[in-house]
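Summary of structural features
Next come the chains, spelled out residue by residue.
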Amino acid sequence: MSESHLGTYSIASQHAAMLARTKEGHAAMGLQLGGDDHVWIQIQKKTFTNWVNEQLRTGGRQITDLETGFHDGLNLVALVEVLQQKDLSRGVEKRARNDHHKLGNIGVALQALTDDGVKLVNIGNTDILEGNLKLILGLVWTLILRYQIGKNKSMFPPKKLMLTWIQEIIRECQVTNFTTDWNNGMSLSAMVDYCHPGLLPNWRHLNRRDRLQNVTAAMIVAREQWGIPLVVSPEDFSSDYLDELSSMTYLSYYMKRESPGYRATLNWVKEKVVDMPVSNFATDWNDGRMLCSLVTTLGGEVPGYPHLNPNEGQYNNQLGIDAGRKLGVEPVLSAKAMADPDVEHLGIMAYAARFQNAKPRMSNEERVAISGDGLKVAYVGKTAHFYLEFKEKDVDTKGVKAEVMGPTQPIRANLSLTSHGGSATYIPMESGMHQVNVYCDDTLIKGCPVDVRVLPNIEKVTCSVTDRCAVGVTQEIEIHENGAGKGNVWVEAYSPAGRTDHCPVTEKKGHMYVAAFTPYESGEYKITVTYDGHAIRGSPFSCNAFDAANVRISGANTSGIVGQPLTIVADTTDAGKGELSYVVTHMGRNLPVRVDTRGVNIYGLAFTPQSGGEHKAAVYYSGVEVRGSPYFIEVMDTTKVGISGDGLKVAAVDRPTTFLINAANLSQHDLEVSLITPRGRPSPVRLYDRGEGIFEAQFTVTEVGEHTIDVKVMGRPAAGSPWKCQAYDASKIIVSTIPTHSKAKTVEFDIDASRAGSGNLEIMINQGQEECVVQSFGNQKFRAQFQTKPAKTYNIDMKFNTDVVPGSPWRVNTMDVNRVRCVDFEQRVFAVNQMSSIEVNTAEAGEGDLKATLITPSKQHIPCVVYETTRDVYKVEFTINEAGLHTLEVLFGGQHIPGSPFTIKAYDPGQIHVSGLLHGGVGGIVNQPVQFNVDASEAGHGNLEIIVNGGYVECVAQNVGHQKFRAKFVPNQAKNHTVEIKFNGEQINDSPWDFDIVDPSKLTVTGEGLRNVMLNKPTWFDINTGGLDSKPLLAKMKPPSGNDQVLSTRELMHGVHRAEYTMTEPGYHTLEVTYAGYAVTGSPYSVRPFNPSDIKVTDMPTTSNMGDPVNFTVDAAKAGSGNLEIMVNGGHVDCEVTDLGHQRFRGRFIPLEATLHTVDMRFNNQMVPGSPWTVFVEEQDIRRVRAYGEGLGASRINQTSMFEVDTGGLVGSKITADLRTPTKRVVPCRVIESSRGRFKVDFTVTEAGTHYLDVKYGGRHISDSPFTIMVSDPGLIRVDVPNKGDVGKPVFFTVDASSAGSLFLAECLKPPEVNIRLTTLLLKQVLTTWMLSMVIVQ
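Before going into details, it helps to say that this report is about the structure given with it. Note that the structure is predicted; figures quoted are calculated from it, not measured. (Residues numbered from 1 in each chain as written. Predicted model: local features only at pLDDT ≥ 70, side-chain atom pairs only at ≥ 80, totals over all residues. Heavy atoms only, no water.)

What about the overall build of the protein?
Worth spelling out the cut-off: Helix numbers and strand numbers start at the N terminus; a helix is a DSSP run of H or I with at least 4 residues, a strand a run of E with at least 2. In this treatment the radius of gyration is a C-alpha quantity, and the globule benchmark scales as 2.2 Å times the residue count to the 0.38 power. Partly exposed residues are those whose accessible area sits between 20% and 50% of the maximum for their type, while under 20% is buried and over 50% is exposed, using a 1.4 Å probe and protein chains only. Two residues qualify as a contact provided that any one of their heavy atoms is within 4.5 Å of a heavy atom in the partner residue. Where accessible areas are quoted, they stem from the Shrake-Rupley method and a 1.4 Å probe; at the residue level, only the protein chains shown are allowed to cover.
Summing up its helical and strand segments, the protein has 16 helices and 102 strands in all. Here the protein has a C-alpha radius of gyration of 61 Å; the compact-globule value for 1338 residues is 34 Å, and the former is much larger. Structurally, the protein occupies a C-alpha span of about 170 × 145 × 75 Å along its principal axes. Every one of the 1338 residues in the protein was classed for burial, and the buried ones make up 43%. Taking all contacts inside the protein whose residues are at least 6 apart in sequence as the whole, residues at least 24 apart take part in 62%. Summed over its atoms, the accessible surface of the protein is roughly 69,500 Å², and 48% of this surface lies on carbon and sulfur atoms.

Spelled out as structure tokens, the structure:
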């Protein structure tokens, strides 16, 4: 163990110590505290911590301390995700290993809040990382305001809106603040009972002194009933130090959206407003109609309501506010704010709560009520009565008016009124509906207008109904009033089938009504007529109906032919009784018709047309034309139809064929055309109406052979039908191969037309100038031949039925390929990618096509370009695109010319590939081989040359096979070198190469970044290039995670470059410095950063007593290597440091003065986070601390004992109390500070015997501590008493208290009839059994 009284200890490792420094820590938690401020701050801290944990609970997260709970940003991100219901995982480092990651995570959360409109004032990610409690508390309160209480756009702050709502719902409590008015629990209990009446109905009778009990009961009920969390403990809520923000946070659970208070106030509004739905305190109030409805429900008067324009929300809300003021309700928000779609619910909810205390007032429409028979029914000429009742005493009789409106004119109403009401009378002069209206101060009262029916005298009403009518024909039924007064006329017709039809009634002039009656079936109808609900005289009336539409006609929708009879059949079975008549006309003349009976109610009407054209047949039943009449029948004269066209004789396969039909006065439906194939199958024929009686028939045959065409006119064959049509197909003619070039004197070919059908085959040679001989072999097969001459072209044309035979015309050329000459082809070696050519002469060979094809080593066939330069002289051009042996084929008339195919060679310097050489820059170092590879495997045959510095530097090339070479040379001077490579004397691609040869031993690296580096702090090192170019310079850092990072450099001066970087993760890093890929002297370097932030200091007290040792622990295991310094009061107080192993240490110092002691801690000259720590040292007179109370004496088992402690004015240290039981257990007692310097302590013992109570102040026993507590359990005393005894003689009995603990024994047994004398004995714990005696004296 090593100790240093100077407080300095060196942390050693295999690497050199490193230096760094951190920022100075925050004192007193970042808050300026005074008096008891720390109490309410701790309450607020606990409240806000609980609120945060409530939000994080769904994600399984929790924090224990606001100062450290958000330091890595993960909990803060999770909190914002819950509040905003968004995924913020993108960009979040879940394993935040360093401050850079933590600051980034915190920044993600703060940016999300900013994007959501949250204003963050004076707080940044560094404040949260460093645990600035004051700013963190402010941030949490901002989140509570924004997402729990709600953003507020009105002029009212949230605090005032919350207080307004509370004051309205529990007016009796007279709440004015969020602190002292809530400590006794009565206001909280009242609010719980408001949210659910009956939960805490006796809140008015609570004892104000039982504040903790009252608050606890209310909070428990709220938690069980609505799940409201105890973000504030009952002890803190009932405390005098309850802070405003903690109280508002808890109470906001009662008034946020969908909270119990929110629902309670909303339900009250729903009970009052029944004429429109309401589900919130926001958008449902924007258009103002909800407010106006609520005001009118409570008796207020809103001008224009309910006929308000919903698009004028601000205007409507202002009307409601003005009307509410008349009810004594002042607004909370302006009309403009209430009309805002983003209005916060709390303002409208507070305003709505104010209406709960408004006294409802009757509206004018409710202040007067009417009743009486005169409001139900009245009669023409008779007086009707009704009565008025005043609901309030202050009704002004002058403002009460009545009027009666008849159907055509008003009727005077006579009123007789008193202060309580009165009566009214009126006399109706006409029948019909009358309206009675009563007004109170120009407002129509509730229930008005009242509709009163005035009945007429129906005995005077008469009606006339016809006894016969036609079905479907409307009949008019007249009803005459005859002075009976107007009434409601109702007419119904009952059909023979039992159906009831209402007959619409129209009022006419002269006090007459007309009902429209339309029968819909034949038979007898019953017609009833009522007048104001009463049947008139003679009702019901009878009417018989017939239906000509039910006459069924058949045979009329047809056509006819001149001279053939036509018959129309009529069936009157369902038409009822009637007479059948008919007329047939043609060209204005009636034709004779013969009628015969074909059955019951079935008749035949026959006539014979004598000429073609349209005939008209009209059929009547009882004078009514039957349905469908008249009928038009077209009669055709078939002798006048003409059919013509080539399509009747011949047709080409798969090509449309047509013929024409001239049929004037006929429709397309009168014609029928069919086509039968050679196989006997029908084939479709389309018929087109071309106008003026001309029709075109079109069909397409699909096979050769004879087809049959049949044409029918009105079902009869047309003249000349059927026709035989021959189908042919020129494409079925097969011609044998005809050579394009021929050496023979005779050219012959075969023709097969056996499947082409019938027709004419025509063959012509050179337009008929040459003779062609055709020989027939039967079955339409032929052979044709003609004679040829050298060097001449012959054209063969062939047609079948004027259709060109496929392949025609053919061309035959005569030639001699052996006379073709190829010149200038001695050179057969060509360069790749260059245009090459040869010349071909065909002057003596005749006519033919000259073609050339280049075949590459990869078997590609590339057509060559062939064009005629002069007559019969051709140029063949080609471009070789790969090296190797090629084949050139030259064909004339499809035959190889002499020498074809030709073999040629090709080379390509561009296919030589070099690797290992650079263009510019550094290509190597002095005296080290420069190696490179040359691949000429694809370049073809040729000579390869490699030249270094014009041949002054030797270069050795080794053939590794397949025309691949490995070359190298050794430079001996640091200067520019040139490498040239040629193939067949030509420079290859990229040749020559120019690069520098350098000496890297001239480079040096120095700087602090190679030795002592602090984590997350920028550092540097310098590189001196010795005058060399800096471009090849490269510096890289490889952290423990393994991802290489290239370091940027900047030139400080000529030849000196600085690399700057920051190590962001602990562990060993590797630094590499290379020049042109070669490591400089000393590279690579191994560096391990140190991090003072990873030093953890624990057990550091904030207070101590003079002379008491102050101990604390320092854990630097993760901080890296370096020097740790600890100084107390600038080194004026000795501090011992003990090595605990694994870079953990114990610090200890003894304060000898009662003053503030400061502990400074540095690591590699960098402040350790939290440093300096302050320890307040008091000069304490422990004798001033006294304990008193009954709990310090004897006690009984399972009974709570209490005592108090008074510090005598001492502050700064903690009071602790521990109870040591007989079984050696240590039970902590509960200590509550009741006031400054005064504490209440209670404990409950669970075993009998002697206990010792240790009471300490600042860790030291107070006066008389430890206290001895005698604990007894009377239930464990066992008494053995004899059954009998003699008067005047002692009776002995035994008392066993071995298990009962210590107690005073006063008396054990004392029956009423026995006088027992006992001596009081103090029983010590060492005694277990006593023998006692008593004397019976009576």
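Re unusual backbone geometry
Put simply, S808 and P809 share a cis peptide bond, and its omega is 0 degrees. Here P809 shows up in the loop between β49 (803-804) and β50 (810-814). The linkage connecting S1171 with the following residue, P1172, adopts the cis geometry, with an omega of 0 degrees. In this structure, P1172 sits in the loop between β86 (1166-1167) and β87 (1173-1178). Of note in this structure, K859 is not a glycine but carries a positive phi near 70 degrees. When you line up the elements, K859 lands in the loop between β54 (850-855) and β55 (861-863). One non-glycine residue, N1129, lies in positive phi territory at about 55 degrees. Structurally, N1129 can be placed in the loop between β82 (1122-1128) and β83 (1136-1141). Overall, N1129 belongs to the partly exposed group, its relative accessible area being 22%.

A closer look at the packing of aromatic side chains
The condition is simple: Aromatic contacts are taken between Phe, Tyr and Trp rings whose centres are within 6.5 Å, Trp giving its six-membered ring; a plane angle under 30 degrees counts as stacked, one over 60 as edge-to-face, and the others as tilted. Counting as a charge over the ring demands two things of the Lys NZ or Arg CZ atom: a distance within 6 Å of the ring centre and an angle within 35 degrees of the ring normal.
In the structure shown here, the tally under the stated rule is 20 aromatic pairs. Seen in terms of ring centroids, Y262 and F281 are 5.2 Å apart; in terms of plane orientation they differ by 85 degrees. Their pairing is edge-to-face. Highlighted residues: Y262 in helix α12 (residues 260-272) and F281 in the loop between α12 and α13 (289-297), separated in sequence by 19 residues. F281 matches Y262 in its accessibility class, with the two residues each being buried. Aromatic ring contacts, followed pair by pair, group W182, W226, F237, Y250 and Y254 into a single cluster. When the ring centre of Y147 is taken as reference, the NZ or CZ atom of R146 above it lies at 4.8 Å. In this structure, R1088 packs its charged tip against the face of Y1068, placed 5.6 Å from the ring centre.

Some words on the sheet that holds β83
Test applied: Following DSSP output, two strands are said to pair if at least two bridges run between them. Only the stretch in contact is used when a helix axis is fitted, and all axes are lines through C-alpha atoms; the angle between N-to-C directions ranges over 0 to 180 degrees.
Spatial strand order, β79-β81-β84-β83: 4 strands in an open sheet with antiparallel pairing. Since the sheet does not close on itself, it has two edges, and those belong to β79 (1096-1098) and β83, each with one partner. Put simply, the sheet's adjacent strands are angled 25 degrees from each other on average, direction ignored. Sheet topology note: the strand β81 (residues 1110-1115)/strand β84 (residues 1144-1149) ladder contains 6 bridges and is antiparallel. The partner of V1114 across the bridge, within β84, is F1145.

Here's the deal with the pattern of salt bridges
What counts, and what does not: Salt bridges, as used here, are contacts in which a Lys or Arg side-chain nitrogen is within 4 Å of a carboxyl oxygen on Asp or Glu.
Taken as a whole and judged by the stated rule, the model has 33 salt bridges. Ionic pairing is found between E172 and R204, a salt bridge with its closest N-O pair at 2.7 Å. In this pair, E172 is assigned in the loop between α7 (158-169) and α8 (186-195) and R204 in the loop between α8 and α9 (211-226), connecting sequence segments 32 residues apart. Residue R204 is classed as partly exposed on the basis of its relative accessible area of 44%. With a closest N to O distance of 3.0 Å, R289 and D287 form a salt bridge. Take R289: its relative accessible area is 29%, and that puts it in the partly exposed class. When salt bridges that share partners are traced, they join K45, D65 and E67 into one network.

What to know about the pairing of strand β34 (residues 657-662)
Burial along β34 is one-sided: T657, F659 and I661 are buried, and none of T658, L660 and N662, which face the opposite way, are. Of the pairings in the sheet, the one linking strand β32 (residues 642-644) to β34 comprises 3 bridges and is antiparallel in character. Among the inter-strand pairings, S644 is bridged to a residue of β34, identified as L660.

Considering the state of the cysteines
Selection rule: Cysteine sulfur atoms are paired as a disulfide whenever they fall within 2.5 Å.
Here the structure, examined in full by the defined rule, presents 0 disulfides. In this structure C173 is a free cysteine whose sulfur lies 12 Å from that of C195, the closest cysteine sulfur available. Cysteine C543 is unpaired, with the sulfur of C469 as its nearest cysteine sulfur at 3.4 Å.

Overview of the sheet that holds strand β57 (residues 873-879)
Note on sheets: strands pair through backbone hydrogen bonds, and any given pair is parallel or antiparallel. Here 4 strands make up an open sheet; going across it, the order is β51-β53-β57-β56 and the pairing antiparallel. On the outer flanks of this sheet lie β51 (821-823) and β56 (865-870), each paired with one strand and no other. Across this sheet, the average inter-strand angle for adjacent strands is 30 degrees, counted without regard to direction.

Topic: the nonpolar core
Heads up, the rule is: Take the buried residues of types Ala, Val, Leu, Ile, Met, Phe, Trp, Tyr and Cys, join any two whose side-chain atoms come within 4.5 Å, and each joined set is a nonpolar core.
Ranked by internal contacts, the top residues of the largest apolar core, which has 109 residues, are L188, Y250 and W285. Of all the elements, helix α6 (residues 133-150) adds the most residues to this core, at 10 residues. With sequence-adjacent residues up to four places away left out, W285 is seen in contact with V269, V278, N280, M290, L291, L294, N317, M338, I348 and A352.

Regarding helix α14 (residues 313-326)
Under the convention used in this document: Here the expected span of a helix is defined as 1.5 Å times the quantity of residues minus one.
Compared with the 20 Å implied by 1.5 Å per residue over 14 residues, the 20 Å span of α14 between its first and last C-alpha is a close match. G313, N316, N317, L319, G320, I321, A323 and G324 are the residues of α14 that are buried. Just downstream of α14 lies G328, where phi reads positive at about 90 degrees.

Thoughts on the environment of T567
Considering the arrangement of structural elements, one finds T567 in strand β24 (residues 566-571). Assessed through its relative accessible area of 32%, T567 is described here as partly exposed. The contact partners of T567, leaving out residues within four places of it in the chain, are S554, G555, R598, L605 and A606.

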